[in-house]
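Listed below are the residues making up each chain.
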2 protein chains.
Amino acid sequence: MLSDIEITQRSKLKHIREIAQDLGIPERYLLPYGHYKAKVDVNYMKDLKERPDGKLILVTATTPTPAGEGKTTTTVGLTQALVKLGKKAMLCLREPSLGPCFGVKGGAAGGGYSQVLPMEEINLHFTGDIHAVETAHNLLAALLDNHLHQGNPLKIDPREITWRRAMDMNERALRNVVIGLGGRANGVPRESGFDITVASEVMAILCLSNDLADLKERLSKVVVGYDENGNMITAGNLKAHGAMAALLKEAINPNLVQTIEHVPAFVHGGPFANIAHGTNSIIATKMALKLRDYAVVEAGFASDLGAEKFFDIVCRFAGLSPSAVVLVTTVRALKHHGGVKKEDLSKENLEALSRGLENLKAHLDILSNFGIPVVVALNKFNSDTDGEIEMVMKATEERGARIALSEVWEKGGEGGIDLARKVLEATKEEKSYKPLYELDLPLTEKIRTIATKVYGAEDVEYSSQALKTIKNLEEKGFGGLPVCMAKTQLSISDDPQKLGRPKGYKLTVREVRLSAGAGFVVAICGNIMTMPGLPKKPAAEFIDIDEEGNITGLF
Amino acid sequence: MLSDIEITQRSKLKHIREIAQDLGIPERYLLPYGHYKAKVDVNYMKDLKERPDGKLILVTATTPTPAGEGKTTTTVGLTQALVKLGKKAMLCLREPSLGPCFGVKGGAAGGGYSQVLPMEEINLHFTGDIHAVETAHNLLAALLDNHLHQGNPLKIDPREITWRRAMDMNERALRNVVIGLGGRANGVPRESGFDITVASEVMAILCLSNDLADLKERLSKVVVGYDENGNMITAGNLKAHGAMAALLKEAINPNLVQTIEHVPAFVHGGPFANIAHGTNSIIATKMALKLRDYAVVEAGFASDLGAEKFFDIVCRFAGLSPSAVVLVTTVRALKHHGGVKKEDLSKENLEALSRGLENLKAHLDILSNFGIPVVVALNKFNSDTDGEIEMVMKATEERGARIALSEVWEKGGEGGIDLARKVLEATKEEKSYKPLYELDLPLTEKIRTIATKVYGAEDVEYSSQALKTIKNLEEKGFGGLPVCMAKTQLSISDDPQKLGRPKGYKLTVREVRLSAGAGFVVAICGNIMTMPGLPKKPAAEFIDIDEEGNITGLF
């Protein structure tokens, strides 16, 4: 069997101009980056204004496991299948971070015969968006520390600075640092640290902005810390937002690439799915809806995190209304939730599968909150037995949801025809999306609603610090923002050990943070890693390039 | 009078495909980045192998002053003038760093009617090369700290790590930091710091490599520190060079843009001119020589630094042999060297000018070491009087060098016709380049040769640490490398206060460093700033972008 990178290196790509022509994008709006990737000028949206929107299909998944569910692969494969059925469709994905690429995970562009290409370039730098976000983030940090150094006229309290620095790298050693050492010529000493760039609020802002003016406005609102009297200090106070927005001038334009079957794809923006909302840019999604009759988008992690945030934050900010949701699952993942060890996942185990199905049912219940028809995509692995597949099919249909077997990794679009047909059926239902909670509820009420209706918790507990922050935020006028929950992706609860469908527990909110520019309040349950580390044998050691420029070891 | 950014925003650019077509670059080798910039695949060089080389013209300057000499502007203007005379010519420049852009200096792409365009994009991210260099640099740092964290099998001494991190930002507060804090899950605590990306050895390597294989080989040799027994630890030992080279896959391709008069320009690579060699990539220069009959390249700072390194390091590594040198000077700069204060530079002062001419004469003498004909370009300012201009002309001609008045800022190529004619004359002389010193001399002899023949010093003094390092490097087999001097650019000596033509002093070498990947030994005289700081009123505060994407405040 060929590896992903071997499959991609043997694929013949179309010139990106051809892909853009098929979409009807005028050449003046197409900004090619080499032969196989391009940016589409965001100003094109003004020309498209009067065009009707296509239908939006959201792809989410059951709770992630070490076995992998193939959510991106399904997103690509489903879109390829829609095109095989004669539909005008395209997809939207997030941009991969370099950090995991050099760590353990490898690239993030789908797999097998359902990938977006050119895989190596998408994984390494791509069109530079993440670098631009990082530079804008770090410019704000530099201006802030320079302000302290140059006499600190705003009287910023160096102990109350919340803005850290960003680097698109797995960098354990930069999580906690002391900066400004070496005497008075070298800044003001203080504690700080680095987060991986995709965890930056600037990335969330890029992805939640409707246009350049909105982007700049949001950047100006970013809170970097507090002054000696406890007043918030913003990027606007530091006059940083203009230069930050200028740095993002190119990054705001969606990136156009193609799948292995030449289906157009926007790969644009990559916010974290815990500390932020975890979906590609609103601008890319909106443009895709103008260009095609169907736009398929993927949300990070499982439905408790990615889909909930998509519905309650992204759809609300962007005025989007999805027509169907695809819930990706695998027999292996469900067996894992039924208690099977990794080494035994390839053996048939109907009893464990039956237990694990509770996880699937929980996600179906979560999605039922939002009023949109759901199609389960059962992503087939070679080790799945007929009995196991049948059990998942039956259980899903008993809950009134559609289900289709998906073989898009091995067969490309052809392997997703049944799934695509069922998704098309679902989009014909006359249902409309509703958010889970109203914005005018108090912050604690919004959190309680998510905790009970989505996470299945009985109640919510808060640290005294979290309650104090909530009080402060409501007093300062931020009570009306939506809540972005930050919790483990490995369980529907806040405890990564709780598999299946956790019940009868209390969710603990330990910390609350404001992302005033992104426009949400982050409620943190448990430890949230905003800077990953490298493993003992980093993937970087196996990456190589030959003298012709062929890259190996990236998977 | 229009500002540089206003002039550029009113200019009508040709599509970069047209510029490439004029150069005869086949479309398969042209990798466009938007409509007005492109990379040219380095593999194109294989096709060009048999083609004869054009003539190489090096642009350098007298000692820099706060008044500015217009070296980049002259490089652009001269090339435009050559084209006006019917010659096939192009130019090569360095890529500007973002740091100074947000600090005081503004952009770096020439000025007036002798600029390379699109100026905003060249100054902000451009094609991402500097970000790629930074990422490769920081990946090596991450792998190194991860090695310490994961048990340190190579027994690297954390106190003897020389590899720092890089950020393309003026970041005083990151000069000296302590990393790895926060307990055992977060790395090994140690002192470190950040340099601005253009000071990274990775940038020097990118610019000194002849191809991708050479690049990877050089990366593997980078020394990051020492083990407990004093043995060198390299990037190769950490298995970092393959992934680092993969990260530079696109960055190695030269960037093609155009001047305001549609003359082709490579803007590629931007190493510091003190800690490194300060000229654009060898690959860009070699490609330019294959594509045109004349290639004009600029070296950083004045002839004592930029030109000397160009002749002794770049020409040697690349097998280049320049046909003429242009020495840019201004009446104002020379008056500064004659002791005139900044506020009085606009008043005629023949006496001070006469004293300041010693600086010009010193640079003519420096250049005479290398055996190439010199043309002085007197870059005209409005405040220059006829008497002053005549004095400079006469003094230059008395020394046997050609001189021409240049008005390229105001008039573009038309203002450089006389200069271009004299440069063409010079290139017809049958002279050939010779380096200043032979590589097989001991390191101290090489340093003494540069100090006495170029800097006019009587002798060289060393700190005991510097002598110890030299001994160690010669024992380890690095004695045969060329020397890259790091000293102030504000004087021909190592003391920034010494204007004009310093004599009768001893040069002090305080520290010696190895850049084993770049392939030179750095001799440091005085404090060399490898991470600048922001001023009290950073330029970033004045940079803005409107909702159409038009950038203001970048100059």
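Preceding this section is the structure that the text describes.
All values derive from a computational prediction rather than experimental measurement.

What counts and what doesn't
Residues numbered from 1 in each chain as written. Chains lettered and ligands numbered in written order. Predicted model: local features only at pLDDT ≥ 70, side-chain atom pairs only at ≥ 80, totals over all residues. Heavy atoms only, no water. Pairing = 2+ DSSP bridges. Helix = DSSP H or I, 4+ residues; strand = E, 2+ residues; numbered from the N terminus. Axes fitted to C-alpha atoms, helices over the stretch in contact; angles between N-to-C directions. Contact = heavy atoms within 4.5 Å. Buried area = accessible area lost by both parts, 1.4 Å probe. Salt bridge = Lys/Arg side-chain N within 4 Å of Asp/Glu carboxyl O. Least-squares fit on C-alpha atoms with pLDDT ≥ 70 in both. Phe/Tyr/Trp six-rings, centres within 6.5 Å; stacked < 30°, edge-to-face > 60°. Buried < 20%, exposed > 50% of the residue type's maximum accessible area, 1.4 Å probe, protein only. Lys NZ or Arg CZ within 6 Å of the ring centre and 35° of its normal.

Novice: I'd love a proper account of the sheet that holds strand S21 (residues 483-486) of chain B, names of residues and values included.
Specialist: All names here are of chain B. Judged by pairing direction, the sheet is mixed, and its 3 strands sit side by side in the order S21-S24-S23 without closing on themselves. Each edge of the sheet is formed by a strand with only one pairing partner; in this case those strands are S21 and strand S23 (511-515). Between one strand and the next, the sheet's axes are offset by a mean angle of 25°, whatever the strand orientation. Here S23 runs beside strand S24 (residues 520-524); their pairing, made up of 5 bridges, is antiparallel. The partner of Val512 across the bridge, within S24, is Ala523. This element, helix H12 (residues 303-318), spans S21 and S24 of the sheet and lies at about 170° to S21.

Novice: Lay out the interface of chain B and chain A in plain terms, naming residues and giving numbers.
Specialist: For interface size, the figure often reported is the accessible area lost on association. Contact with chain B, which involves 76 residues of that partner, is made by 76 residues of chain A. A buried area of about 6400 Å², summed over both sides, lies between chain B and chain A, and 59% of it is on carbon and sulfur atoms. Contact with chain A buries surface across chain B, with His35, Arg172 and Ile545 of chain B losing the most and accounting together for 8% of the total. Across the chain B-chain A interface, the total number found is 10 salt bridges. Taking the shortest distance from any N to any O, the salt bridge between Glu541 of chain B and Lys239 of chain A comes out at 4.0 Å. Of all elements in the fold, only strand S1 (30-32), helix H5 (98-102), helix H7 (129-149), strand S8 (165-167), strand S9 (177-179), helix H9 (212-221), helix H10 (241-247) and strand S25 (544-545) of chain B reach the threshold of two or more residues within the side of chain B that touches chain A. Looking at the side of chain B that touches chain A element by element, the count peaks at 12 residues for H7 of chain B.

Novice: Please provide a residue-by-residue account of the relation of the copies chain B and chain A, values included.
Specialist: For the match of chain B to chain A, the screw axis carries a shift of 0.0 Å, the RMSD comes to 0.0 Å, and the turn is 180°. Here the symmetry operator amounts to a two-fold rotation axis. No C-alpha of chain B lies nearer the rotation axis than that of Tyr33 of chain B, which sits 2.2 Å from it.

Novice: Could you give an account of the packing of aromatic side chains, with specific residues and numbers?
Specialist: Counted by the stated rule, this structure contains 10 aromatic pairs over all chains. Considering the side-chain rings of Phe311 of chain A and Phe370 of chain A, the 4.4 Å spacing of their centres and the 15° angle between planes classify their relative orientation as stacked. With a gap of 59 residues between them, Phe311 of chain A in helix H12 (residues 303-318) and Phe370 of chain A in the loop between helix H14 (350-368) and strand S18 (374-379) connect regions that are remote in the sequence. Considered together, Phe311 of chain A and Phe370 of chain A belong to a single accessibility category, that of buried residues. On the numbers, 6.3 Å between centres and 80° between planes, the contact of Phe310 of chain B with Phe311 of chain B is edge-to-face. Assigned by exposure class, Phe310 of chain B and Phe311 of chain B land together as buried. Between the NZ or CZ atom of Arg218 of chain B and the centre of the ring of Phe317 of chain B, over which it lies, the distance is 5.1 Å.

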